[in-house]
Amino acid sequence: MLDLALKGKRGYWGWLIFLLVIMGIGLGCYIYQFQEGLKITGMSRDVSWGFYIAQFTYLVGIAAGGVMVALPCYLHDYKAFGRITVLGEFLAIAAVVMCLLFIFVDLGNPVRIMNVIMYPTPNSILFWDMIVLNGYLFLNILIGWNVLSAERKGLHHPGWVTPLIYLSIPWAFSIHTVTAFLYAGLPGRHFWLTAIMAARFLSSAFAAGPALLILLCLIVRKVSKFDPGKEQIRTLGGIVAYAMIINVFFVLLEFFTAFYSQIPGHMHGLIFLFKGLDGHTQLVPWMWTATVFAALALILLIIPATRRKEDTLAVACVAVFISTWIDKGLGLVIAGFTPNPFNRVFDYWPTMPELFIAIGVWATGFFVLTILYKIVISVKEEIAA
Amino acid sequence: MGVDRRQFLKIAGVAALAGLGGKAAVDILAPGDVEASMKALPLTEGKRWAMVINMPELNDEIMNKCIAACHEEHNVPEFGDPKVEVKWLWKEDYHHSFPDHHNEYIDEKYEHKFLLLACNHCSNPPCCRVCPTQATWQREDGIVMMDWHRCIGCRFCMAACPYGSRSFNWGDPRKAPKDKNPDFPTNINYPTRSKGVVEKCTFCDERISKGQLPACVEAANKLKKNVLIFGDLADPDSNVRQVLSKNYTIRRKPDLGTEPNIFYIV
């Protein structure tokens, strides 16, 4: 089926070349970082993880969010989603590829990455994250590819794929739970030390993932003859609405515990994000932007008329994507390191090379996504013809 | 009498090593070292190393000498940039070292009294728990060690350490500014690190294996005795246990359950 990705119109090739150029710039910056070390980033001994790990965390959510198509389809026999499960699976593949690349570019010693496999360490959550992410990638490649090639031949997918599909559903939950455990089990990092972290991660993932999927479905409909379907998009809109409500509710729970208990360590992270701490207010406008977008998304998603209308639903999905990205892809990691173990606040902001590397990884993910979606579209058009 | 099987085997092993030409072999590899280790055998046999820092006796001169001795011994370069600095032993005031002991009426002379900080060599170290490659691990004698040749530089240990005791090589230490480090590397018998690995205090494992006290303790002793006291917590008659039984001591963030092994006399 890969050959289908080699036949495309000018717009398709133009988009791929555009992504390749951005990937090239990112690669150039990465070679610079590889030679000089991570000192070319904005990270420091006080904020020792930054933009890379934050993007990784956000994208694990996008990858996990794909399950919101598979789950209703295979566990609730919601047939309409059968048409788009492969879109969810291929989105997960692209997202996990980005996750793995973001981990890779964050390593101080990337050439030693195989040490994680050569010295397996079950007490390290990072070891488990490596297992669940690679496993999820593998599952989605197997499932997506086999389901699609069976569909192309007009057959039902082979029997051995079915247990893998059922396995992939709890596996999606596991990737974001394990990623939350990276943060939620560290003594002395109060902002992260919360039992609801995994639940928060999952709820924001199930809002952001399907929101991105809705936007992708709308783009697919525009650029091809394949229509993912009105009903499908509408159902996804309902899922985004519920998940976003739960996500905002969970964030408010964090506020209650911190500010009713009045324990300084629990309040510091939230104060830093929304008001600024010791005069450091860098993230405050971002977090309020996220709040405004979350409110806008909730309004558009809760009112049935705006949720069902595709234009306003698209606006809501963009708002969900931006809001959850600021929350997880920016605020979460930096606030976890603020204040530092000495109760001091240090600013962190990504440098230009750091941003270009990150954008390069995003471009790589979209490159993979474009090729995979091109194959899906060609197969679907072929069947329809 | 009083010699169990384990001790007997140890004594027999040392005797065999010295008797059967083992000393000659060691002499070729590391001349003079074997005498030192045999003379001071007790220092190499600790079960739980600990340090007591006598805060009232500390002064700037002692602290600076300790830090210089440590950083020279271990080739820790000066970067002159707090963002990327590497530090094994450093000065910090009481207020920031013990942020949970806050008291707004505390006297200025205590509040901003400086003391020495390093890795606490916790008995329950979160850094070792999170390391995905066992590049940092706890030895049987309690020392939290680092393998700079295995570390992949993921910095999970830095996120896990509640004491800010770990430093990352954001750049190549051998490219540290020459004007600040004219003699770098300061100790040719100790490795320099490569960029992209985490490092920290190791309680001078390389020295105690030779029966020598850690470099900072030795440096402090030259100026004043009993400011830094290093010894074995597992031995009820050890120097550190005696000091701990006679003085009121505190540890950094004990409520996190990490069981730090650096104690401060206030």
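Residues numbered from 1 in each chain as written. Chains lettered and ligands numbered in written order. Predicted model: local features only at pLDDT ≥ 70, side-chain atom pairs only at ≥ 80, totals over all residues. Heavy atoms only, no water.

A. Geometry of the interface of chain B and chain A. Tallying the contact residues gives 49 residues for chain B and 40 residues for chain A. Ranking the residues of chain B by area buried against chain A places Ile 152, Phe 156 and Trp 170 of chain B at the top, with a combined share of 19%. Viewed at the interface, chain A and chain B are joined by two salt bridges. Put simply, Asp 106 of chain A and Arg 155 of chain B hold a salt bridge, and the shortest N to O gap is 2.7 Å. Counting across the chain B and chain A interface gives 32 residue pairs in polar contact (both at pLDDT 80 or more). Elements with a minimum of two residues in the side of chain B that touches chain A: strand E2 (90-93), helix H7 (126-130), helix H8 (156-160) and strand E6 (167-168) of chain B. Taken together, the residues of the side of chain B that touches chain A sort by class into 26 nonpolar, 10 polar and 13 charged. (Contact = heavy atoms within 4.5 Å. Buried area = accessible area lost by both parts, 1.4 Å probe. Salt bridge = Lys/Arg side-chain N within 4 Å of Asp/Glu carboxyl O. Polar contact = N/O pair within 3.5 Å; in protein donor to acceptor, adjacent residues only side chain to side chain. Helix = DSSP H or I, 4+ residues; strand = E, 2+ residues; numbered from the N terminus. Nonpolar A, V, L, I, M, F, W, Y, C, P; charged D, E, K, R; others polar.)

B. Spatial organisation of the nonpolar core. Residues and elements named next belong to chain A. Core analysis: the largest hydrophobic core is formed by 203 residues, its most contacted members being Tyr 183 and Trp 192. At 17 residues, helix H8 (residues 197-223) tops the list of elements feeding residues into this core. Here Tyr 183 is in contact with Trp 49, Ile 53, Thr 57, Trp 192, Met 197, Phe 201, Leu 332 and Val 333, once residues within four sequence places are set aside. (Core = buried A, V, L, I, M, F, W, Y, C linked by side-chain atoms within 4.5 Å. Buried < 20%, exposed > 50% of the residue type's maximum accessible area, 1.4 Å probe, protein only.)

C. Looking closely at the environment of Phe 230 of chain B. Residues and elements named next belong to chain B. Topologically, Phe 230 is positioned in strand E8 (residues 228-232). The exposure class of Phe 230 is buried, given its relative accessible area of 3%. Separated by 47 residues in the primary sequence, Phe 230 and Asp 183 have C-alpha atoms spaced 29 Å apart. In contact with Phe 230, not counting residues within four places along its chain, are Trp 49, Ala 50, Met 51, Phe 203, Ile 208, Leu 213, Pro 214, Val 217, Asn 239 and Val 240.

D. Layout of helix H10 (residues 215-223) of chain B. Among the residues of H10 of chain B, Ala 215, Cys 216, Val 217, Ala 219, Ala 220 and Asn 221 of chain B are the ones counted as buried. Taken together, the buried residues of H10 of chain B touch strand E1 (49-54), helix H4 (60-73), helix H9 (205-208) and E8 of chain B.

E. Local environment of the sheet that holds E8 of chain B. All names here are of chain B. Taken in spatial order, the four strands line up as E8-E1-E10-E9 in an open sheet, and their pairing is mixed. Each edge of the open sheet is held by one strand with a lone partner, namely E8 and strand E9 (249-250). As defined by bridge partners, E1 adjoins strand E10 (residues 262-265) across four bridges and the pair is classed as parallel. Its bridge partner lying in E10, Ile 53 is registered against Tyr 264. Against the sheet, helix H11 (residues 239-246) engages E1, E8, E9 and E10, with an angle of about 120 degrees to E8. (Pairing = 2+ DSSP bridges. Axes fitted to C-alpha atoms, helices over the stretch in contact; angles between N-to-C directions.)

F. Local environment of the packing of aromatic side chains. This structure, assessed with the given rule, holds 32 aromatic pairs over all chains. Ring centres of Phe 249 of chain A and Phe 250 of chain A lie 6.1 Å apart, and the angle between their planes is 40 degrees; on these two criteria the pair is classed as tilted. What makes Phe 249 of chain A partly exposed here is its relative accessible area of 46%. Judged by its relative accessible area of 17%, Phe 250 of chain A is buried. Geometrically, the ring pair formed by Trp 88 of chain B and Trp 148 of chain B is tilted, given 6.1 Å between the ring centres and 40 degrees between the ring planes. (Phe/Tyr/Trp six-rings, centres within 6.5 Å; stacked < 30°, edge-to-face > 60°.)

G. Fine view of the confidence of the model for chain B. For chain B, mean pLDDT is 87; residues scoring 70 or higher make up 84% of the total. The low-confidence segment residues 16-41 of chain B, where pLDDT is below 50, has 16 contacts with residues more than four positions distant or belonging to other chains. (pLDDT = per-residue confidence, 0-100.)

H. Summary view of the pattern of salt bridges. Residues and elements named next belong to chain A. Enumeration according to the criterion identifies 22 salt bridges over all chains in this entry. A salt bridge links Asp 77 to Lys 79; the nearest nitrogen and oxygen atoms lie 3.0 Å apart. Glu 310 is paired through a salt bridge with Lys 230; the nearest N and O atoms lie 3.8 Å apart. Pair noted here: Glu 310 is in helix H13 (residues 310-336) and Lys 230 is in helix H9 (residues 230-261), with a separation of 80 residues, a long-range link. Take Lys 230: its relative accessible area is 57%, and that puts it in the exposed class. One network of salt bridges, with partners in common, ties together Arg 221, Asp 227, Lys 230 and Glu 310.

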